[in-house]
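Topology and contacts: notes
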Amino acid sequence: MTLRSATLFALALTALFITLPTTPVEAARQLETVDDDSPLLQEMDVIEGQLKLLRRNLKKPEENANSLKAIQEMQRAAVACKAMSFPMAEAAEGEAKAEILKGYKLEMIGMIETILSMERALLNDDNDKARELYKTIKGFEDSGHEKFTDEG
Ligand code: HEM
């Protein structure tokens with residue numbers, strides 16, 4: 001073996017040892033990215049979680065302080081969602097895409113307004129009104145998903 005081919009052989013071996021152990025790590029990293037929920041889905045999950053809490057707590061005036069925290073968090077998540085795009089909009093182009101995004105924003109605004117009304121009701125200790133508005137918010141969930149997701 002010449003010095004030159006020995007050097008090449010050593011280089012090839014080094015390259016092999018550098019790449020081999022990193023391959024599974026890279027693969028895991030890629031899987032993670034594929035499994036990760038989009039920012040929109042993460043915020044939708046936040047809304048879902050807070051709504052579940054409210055379904056139980058709106059019946060209990062002594063829990064109103066906690067309900068108000070849940071409402072605040074839902075508002076934050078819904079306002080974040082309003083600024084985001086989603087698969088159905090991304091699949092469209094030009095005017096059609098603009099129309100879908102506009103419809104989506106208007107639907108989100110409707111839901112955010114309802115969440116604000118729920119906050120006002122609860123600050124006025126009107127739990128019955130807040131429970132009524134809970135149903136309206138569930139209605140936005142149904143119509144939003146019907147119009148803007150494949151499941152609808
Ligand atoms: C109470 C209100 C809502 C709740 C609890 C909620 C919850 C969820 C959840 C859990 C998902 C994920 C479903 C999955 O993993 O496949 C989702 C997806 C989605 N939601 Fe909502 N949602 C609500 C309201 C809305 C509204 C008002 C809109 C539209 C204006 C909307 C638009 C969407 C879209 C576009 C997706 C699909 C995103 C994607 O495929 O990446 N949601 N929602």
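The rules behind the values
- Residues numbered from 1 in each chain as written.
- Predicted model: local features only at pLDDT ≥ 70, side-chain atom pairs only at ≥ 80, totals over all residues.
- Heavy atoms only, no water.
- Helix = DSSP H or I, 4+ residues; strand = E, 2+ residues; numbered from the N terminus.
- Contact = heavy atoms within 4.5 Å.
- Phe/Tyr/Trp six-rings, centres within 6.5 Å; stacked < 30°, edge-to-face > 60°.
- Buried < 20%, exposed > 50% of the residue type's maximum accessible area, 1.4 Å probe, protein only.
- Near = heavy atom within 4 Å.
- Polar contact = N/O pair within 3.5 Å; in protein donor to acceptor, adjacent residues only side chain to side chain.
- Nonpolar A, V, L, I, M, F, W, Y, C, P; charged D, E, K, R; others polar.
- Patch = residues over 30% accessible without salt bridge, like charges linked within 9 Å, V, L, I, M, F, W, Y side chains within 5 Å.
- Areas by Shrake-Rupley, 256 points an atom, 1.4 Å probe, with all protein chains shown as cover.
- Salt bridge = Lys/Arg side-chain N within 4 Å of Asp/Glu carboxyl O.
- Lys, Arg positive; Asp, Glu negative; His and termini not counted.
- Charge placed at Lys NZ, Arg CZ, Asp CG, Glu CD.
- Axes fitted to C-alpha atoms, helices over the stretch in contact; angles between N-to-C directions.
- Parallel < 35°, antiparallel > 145°, perpendicular 65-115°, else oblique.
- Left-handed = near helix turned anticlockwise from the far one by under 90°.

**What about the environment of Leu101?**
Tracing the sequence through the fold places Leu101 in helix 5 (residues 94-123). Linking Leu101 and Lys82, residues 19 residues apart in sequence, is a C-alpha distance of 9.3 Å. Contacts of Leu101, omitting those with residues within four sequence positions, involve Ser85, Phe86 and Ala89.

**Thoughts on the packing of aromatic side chains**
The geometry of an aromatic ring pair is captured by two quantities: the separation of the ring centres and the angle between the planes. Within the structure shown, the criterion is met by three aromatic pairs. When the centroid spacing of 5.8 Å and the interplanar angle of 75° are considered together, the rings of Phe86 and Phe148 count as edge-to-face. One end of the pair, Phe86, is in the loop between helix 3 (64-82) and helix 4 (87-90); the other, Phe148, is in helix 6 (residues 127-148), and 62 residues separate them in sequence. Taking relative accessible area as the criterion, Phe86 reaches 5% and is therefore assigned buried. Judged by relative accessible area, Phe148 falls into the buried class, the value being 12%. Ring centres 5.8 Å apart and planes at 90° place the aromatic pair Tyr104 and Phe148 in the edge-to-face group. In this pair, Tyr104 sits in helix 5 while Phe148 sits in helix 6, placing the two residues 44 residues apart along the sequence. Phe148 shares its class with Tyr104; the two are buried. An aromatic cluster is built from Phe86, Tyr104 and Phe148, whose rings are joined through pairwise contacts.

**As for the site of the ligand**
The immediate surroundings of the ligand are formed by 20 residues, with Met44, Leu51, Pro87, His145 and Thr149 found nearest. Here His145 contributes a side-chain N or O atom positioned 2.7 Å from a nitrogen atom of the ligand. Listed by contribution, the elements that provide at least two residues to the shell around the ligand are helix 2 (39-57), helix 5 and helix 6. The greatest single-element share of the shell around the ligand, amounting to seven residues, is contributed by helix 2. Looking at side-chain class alone, the shell around the ligand contains 13 nonpolar, three polar and four charged residues.

**A look at a negative patch on the surface**
On the surface, Asp36, Asp37, Asp45 and Glu48 cluster together into a negatively charged patch. Here Glu48 lies in helix 2. Classification of Glu48 as partly exposed rests on a relative accessible area of 41%.

**Details of the packing of helix 3 against helix 5**
For the pair helix 3 and helix 5, the least separation of the axes is 10 Å and the interaxial angle reads 165°. Classified by the angle between their axes, helix 3 and helix 5 sit roughly antiparallel to one another. The chirality of how helix 3 crosses helix 5 is left-handed. Counted together, Asn64, Ser67, Leu68, Ile71, Gln72, Met74, Gln75, Ala78, Val79, Cys81 and Lys82 of helix 3 and Tyr104, Lys105, Met108, Ile109, Met111, Ile112, Ile115, Leu116, Met118, Glu119, Leu122 and Leu123 of helix 5 form the full contact between these two elements. For the contact of helix 3 with helix 5, the class distribution of residues is 16 nonpolar, four polar and three charged.

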